[in-house]
Amino acid sequence: MHRFDEMPPVPLTVEGAGVLHQMTRVRWSAWRALESACRADILNEAAGALEALEKSRSACYALLGHKGDLMLVHFRDQFDQLLEAQHGLTGLRLWDYLEQTTSYLSVIELGLYESTGKVYGSLAEKGIEPHSEAWKASIEETLARQREAMHPRLFPEIPPAKYLCFYPMDRRRGEQKNWYQVPFEDRQLMMQEHGAIGRRYAGSVKQIISGSIGFDDWEWGVDLFADDPLVFKRLIYEMRFDAVSAIYALFGQFYVGKRTDTAGLRDWLTV
Amino acid sequence: MHRFDEMPPVPLTVEGAGVLHQMTRVRWSAWRALESACRADILNEAAGALEALEKSRSACYALLGHKGDLMLVHFRDQFDQLLEAQHGLTGLRLWDYLEQTTSYLSVIELGLYESTGKVYGSLAEKGIEPHSEAWKASIEETLARQREAMHPRLFPEIPPAKYLCFYPMDRRRGEQKNWYQVPFEDRQLMMQEHGAIGRRYAGSVKQIISGSIGFDDWEWGVDLFADDPLVFKRLIYEMRFDAVSAIYALFGQFYVGKRTDTAGLRDWLTV
Amino acid sequence: MHRFDEMPPVPLTVEGAGVLHQMTRVRWSAWRALESACRADILNEAAGALEALEKSRSACYALLGHKGDLMLVHFRDQFDQLLEAQHGLTGLRLWDYLEQTTSYLSVIELGLYESTGKVYGSLAEKGIEPHSEAWKASIEETLARQREAMHPRLFPEIPPAKYLCFYPMDRRRGEQKNWYQVPFEDRQLMMQEHGAIGRRYAGSVKQIISGSIGFDDWEWGVDLFADDPLVFKRLIYEMRFDAVSAIYALFGQFYVGKRTDTAGLRDWLTV
Amino acid sequence: MHRFDEMPPVPLTVEGAGVLHQMTRVRWSAWRALESACRADILNEAAGALEALEKSRSACYALLGHKGDLMLVHFRDQFDQLLEAQHGLTGLRLWDYLEQTTSYLSVIELGLYESTGKVYGSLAEKGIEPHSEAWKASIEETLARQREAMHPRLFPEIPPAKYLCFYPMDRRRGEQKNWYQVPFEDRQLMMQEHGAIGRRYAGSVKQIISGSIGFDDWEWGVDLFADDPLVFKRLIYEMRFDAVSAIYALFGQFYVGKRTDTAGLRDWLTV
Amino acid sequence: MHRFDEMPPVPLTVEGAGVLHQMTRVRWSAWRALESACRADILNEAAGALEALEKSRSACYALLGHKGDLMLVHFRDQFDQLLEAQHGLTGLRLWDYLEQTTSYLSVIELGLYESTGKVYGSLAEKGIEPHSEAWKASIEETLARQREAMHPRLFPEIPPAKYLCFYPMDRRRGEQKNWYQVPFEDRQLMMQEHGAIGRRYAGSVKQIISGSIGFDDWEWGVDLFADDPLVFKRLIYEMRFDAVSAIYALFGQFYVGKRTDTAGLRDWLTV
């Protein structure tokens, strides 16, 4: 039997902006069947709406491949606002010519392995009982401090890079290899090693991790922003050999798109 | 070979209301193509019907993401009434503009690990043979007592919280890790630990578990009701490290929606 | 390496009626778009055909959930007749308003673990070589006797219960746990234990097992008939803890429907 | 680490006719919506084409269940000719009323375990180095001899039996049980045992195996032809307990159809 | 616990042209419903565009089976140009009659196991610390040299062979058998053995490997070009028994098509 008393502690996390990815396919034949003046009207309406969305931290990407033609990414402070952004789009006449193929709902997250180790260690040293009021206050104080310190990373602008790679992922919970049963210290070490690889790519790729446990079908979403899409492959391939990815990472579908502003979108849809 | 005589006993459960989740997608372009007066007529008809459904313990949620636009949740005393609710919706003109993407059928359930342990222990002590008349009477008496004591939890109103998170789940029956072969006492301990985490969130999230063995494609459905959707992630992430979830939980798709009353729905559909 | 000489013997089975399950979804909006007189004509035509089908051992069920609206179940002596029943439906005008979502093809089967053990034991005792003429004659005689004795169970009427639960299933052929490598005696013991649970529910649920190896994508289909749908959950949950289900059962999708006669169907489709 | 030097040798195979299975669903409502004279015209055109196809070794089957209504099977000497048969069908007006649900591409194959054992053994005895010119010549000569001897089985007519059961399959490459790592001699023994079962059914079922590695999503396709469809179940169930199937066989979807000639097809489509 | 210090090094790779596969299905009934003059106009427009694409290293294949009718393959120096090729097609009137069923995005890649072994060995001998400036310079110099030497293989023309077999694949990351945890030397040996088989088929099949980590849902895409499609089966079957494939290869769907030039395509679409 497994040992109840050795269950590893949960790493503390802080959360920021809600994130919604919307993958859509253009109904090209219906779109092309419209009178050109009608298309222009629809594009004018859409352009205004998209410019407003961009100002509220949304961005549009032209996707490569059949999984969709356009991907919209929204960062918002609250889920209420994500729902508003989503609903606003359904009100556009352009939406009749876009078919939503998939989506992803998550919240920007920073995992605090190091802080967790420290605060738990210090609480244990002081003999403070888990889940006591003092314990909760100390944890909450740690979280509040981190939320403030990390605010720019928790509520970021959408990076302006030319290409975006998005994919969801899980940590494996296999019958023999189960991330959620690995001792905390080992997980912390593996995450450090993993982070070190990421930092070597800091100049060429910007990574935003969002948590989706309880929100969508995978545990995390990963957004990589880079001007040269080849770095997506290099970074992920190198990471695939680190312990946490080699043993514990399970990947969903990959989406690669090129950033398109409102003017670009208008060109894109002018057929 | 496995040992037949050590097969763990089945935990007693009591059942309450039948539950049907219906996920639907709005056919936005067909809907928008209608004359505005026609849409108003259809909404008037639908509003009356939805208000009646709400009074019979149904609720409507605006979903985030592409899995659907509206989720209807029905609690009913009998499956016959769930079928009536479902059939009544197909009679609405609005139903022509809603496409059912998925659904989930289950019945509210309370697992009685503690009572099971006690009553089985006591029956064994008294030397009462399993499945004898006396044994069945004692079990049935335990169940009847629990059904009465638990009545409010078995036949609840739909909690009024702003957000709902729904997902189905299984207990793992792997080749090495198989919940249905774990000794009863160990399962009981793990469920206690699991429940203790849930109770720490009692102030911010209301959980309703429904059983779906024999009804739908997963073993259980979980509905979490909360005003702040972030607690869905926190609760489920913390639980993912407890033994019963880390080792034995398998999850289906997650649905997150915001409660919408009839007036809200009318606004939502006024494009 | 595995041992060729210890491969477990195949249990004898006898087969009866062919079974076809057809799950269909009503095209509600197309159906509702028809003139009411036209709908009545179509229903009249369908009613006559369905009454004839019912007399030939077919039944109709209103399904709960999105997997379909109507499930048709046909028991026929031969596959030729199943094909005729299927083809006859495609000739109905109502069929234009029904979309087939899935189906299941199988044949009613009784597994003869006990007889198999006896006849194989007796043949071995007498030193009769497997697959010799004498051996085949003895096996064939056993099968013929069983087919006659079991005739009512092999070619049954469709039980008149109010609810039906249908699901397909497999026996696991995992890398460590493989039903088809378990010694015959152990399989026989597990099947006895499994059957004993079923018999405790004999008063409230009628079970019909059909084999589908070579016919459809799972190995068996299970039909449970009961007036109270809660017994589906109780029976299957209790069985989930017996060895053969806990370790070796893999389940497909579950379909739950309420029996509907021609008059009921007419009501159901009168919108 | 695994041992490179003990990798089992590849069994020799000889290949014959290319095989294409096409599963199609009739668009019944569009078809029925046509004027009866128009349907007759379309059927006349199709009948001529189908008769020509039949003469070139094609056959048509009425499928049971929702996976399709009609399955076309084509045997052709070359892939070029399969492509022509496929393209010819798209030119028929009937094709507008048939929706292709799936297909399978393969080539009739005979695995030569016994010859392989002999020729490899003899080459090793003579000390002839693998992949040397002499080695290749000897292998090629064996293959040429087998291709000639097996010609009727490699380029067969489609057997005229009343029923067809088609399914694709793989040999398991699991983490513990991996067919491709089993020593050659053990594979040969298991295939012999497997073949012996098949031969006991020789009078009632005709089996054609086609290889699809590099052509389609499973490794082999299996076609069983029989007048009594129950033998499909009996044969496959018995085989499921032999070592090669119990441990190493993975199965795709099963398709069961009844042979229909052009006249039968005309009847079938006359609604 | 696994050993962090023994994680195997990442093999160096060099990348060349971006690759996009587009599988499309012809909407035959809509296409046939057009006036013949209209079809001719559309084909004239498409022919001009396809000829231009072919000159920029694109090719068209007629697919066997239901996965699509036409597969377009594009090799381009940059992802920007792949996006342009893709967008250009959506501007063709023919595109209204083609439904994209799937696609695959990757980049031509050469894995440098041998160079990696040498340069890492030499750096270790010289005591140069990993990821130091000297280390990075030496690695970058190796890559630059290889990119130049391999230029023709990294930016190839599409081979003119009559048949193409395309499939995506992964290296297994199982709980016991995990490619990414195999020591570098063992991987190098397995890749050598694998390459040796490929070289024996050099006269009859041309293989192009592209990497898709970070771009699409599998790790690699494989394109095999041959005049005789039977060599696809022979090559892949032989490889299936080598260690790297038998133990570590997981395969996606297979697509087999016949090269079609613009004139051939025009014939193909003239119905």
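Preceding this paragraph is the structure being described.
Residues numbered from 1 in each chain as written. Chains lettered and ligands numbered in written order. Predicted model: local features only at pLDDT ≥ 70, side-chain atom pairs only at ≥ 80, totals over all residues. Heavy atoms only, no water.

**Brief notes about the relation of the copies chain D and chain C**
What counts, and what does not: To superpose the copies, least squares is applied to the C-alpha atoms of every residue with a pLDDT of at least 70 in both. Here, residues are in contact when the closest pair of their heavy atoms is within 4.5 Å.
With an RMSD of 0.0 Å, chain D superimposes on chain C once it is rotated by 72° and translated 0.0 Å along the axis. The superposition operator between the copies reduces to a five-fold rotation axis. Mapped onto chain C, only 6% of the interface residues of chain D are again interface residues, and the two copies thus contact each other with different surfaces.

**Quick word on unusual backbone geometry**
Applicable threshold: Only protein chains enter the area calculation, which uses a 1.4 Å probe; residues under 20% of their type maximum are buried, those over 50% are exposed, and those in between are partly exposed. Numbering of helices and strands runs from the N terminus; a helix is a DSSP stretch of H or I covering at least four residues, while a strand is a stretch of E covering at least two.
Positive phi, normally seen in glycine, also occurs at Arg-57 of chain B, with a value near 70°. Overall, the relative accessible area of 15% leaves Arg-57 of chain B in the buried class. Positive phi, normally seen in glycine, also occurs at His-131 of chain D, with a value near 70°. For His-131 of chain D, the location among the structural elements is in the loop between α4 (113-125) and α5 (133-149).

**Side note on the relation of the copies chain A and chain B**
After a rotation of 72° and a shift along the axis of 0.0 Å, chain A superposes on chain B with an RMSD of 0.0 Å. Here only 6% of the interface residues in chain A have copies in chain B that are interface residues too; the copies meet through unlike faces.

**So, the interface of chain A and chain B**
Often, the extent of an interface is quoted as the loss of accessible area on bringing the components together. Counted only if it meets this: Think of a salt bridge as a Lys or Arg side-chain nitrogen and an Asp or Glu carboxyl oxygen that are within 4 Å of each other. Polar contact is the term for a pair of N or O atoms within 3.5 Å; when the atoms are in protein, one must be able to donate a hydrogen and the other to accept it, and sequence-neighboring residues count only if both atoms are side-chain atoms.
Taken residue by residue, the interface counts 47 residues in chain A and 47 residues in chain B. We note a salt bridge from Asp-80 of chain A to Lys-258 of chain B, for which the minimum N-O separation is 3.6 Å. The tally of links from chain A across to chain B stands at 26 residue pairs in polar contact (both at pLDDT 80 or more). The set of elements that each furnish at least two residues to the side of chain A that touches chain B consists of β1 (13-26), α3 (79-90) and β4 (98-111) of chain A.

**With respect to the interface of chain D and chain C**
Formally: Here's the idea: put two parts together, see how much 1.4 Å probe accessible area each one loses, and the total over both is what we call buried area. Any residue outside Ala, Val, Leu, Ile, Met, Phe, Trp, Tyr, Cys, Pro, Asp, Glu, Lys and Arg is labelled polar, Gly included; the first ten of those are nonpolar and the last four are charged.
In this assembly, 47 residues from chain D lie in contact with 47 residues from chain C. Between chain D and chain C, roughly 4200 Å² of surface is buried when both sides are summed, and carbon and sulfur atoms account for 58% of that area. A per-residue breakdown of the area chain D buries against chain C is headed by Lys-233, Tyr-237 and Phe-241 of chain D, which together make up 19% of the total. Linking chain D to chain C there are nine salt bridges. The salt bridge involving Lys-233 of chain D is made with Glu-15 of chain C; its shortest N-O contact spans 2.7 Å. Here the side of chain D that touches chain C takes eight residues from helix α8 (residues 230-240) of chain D, the largest share from any one element. Residues that form the side of chain D that touches chain C fall into these classes: 23 nonpolar, eight polar and 16 charged.

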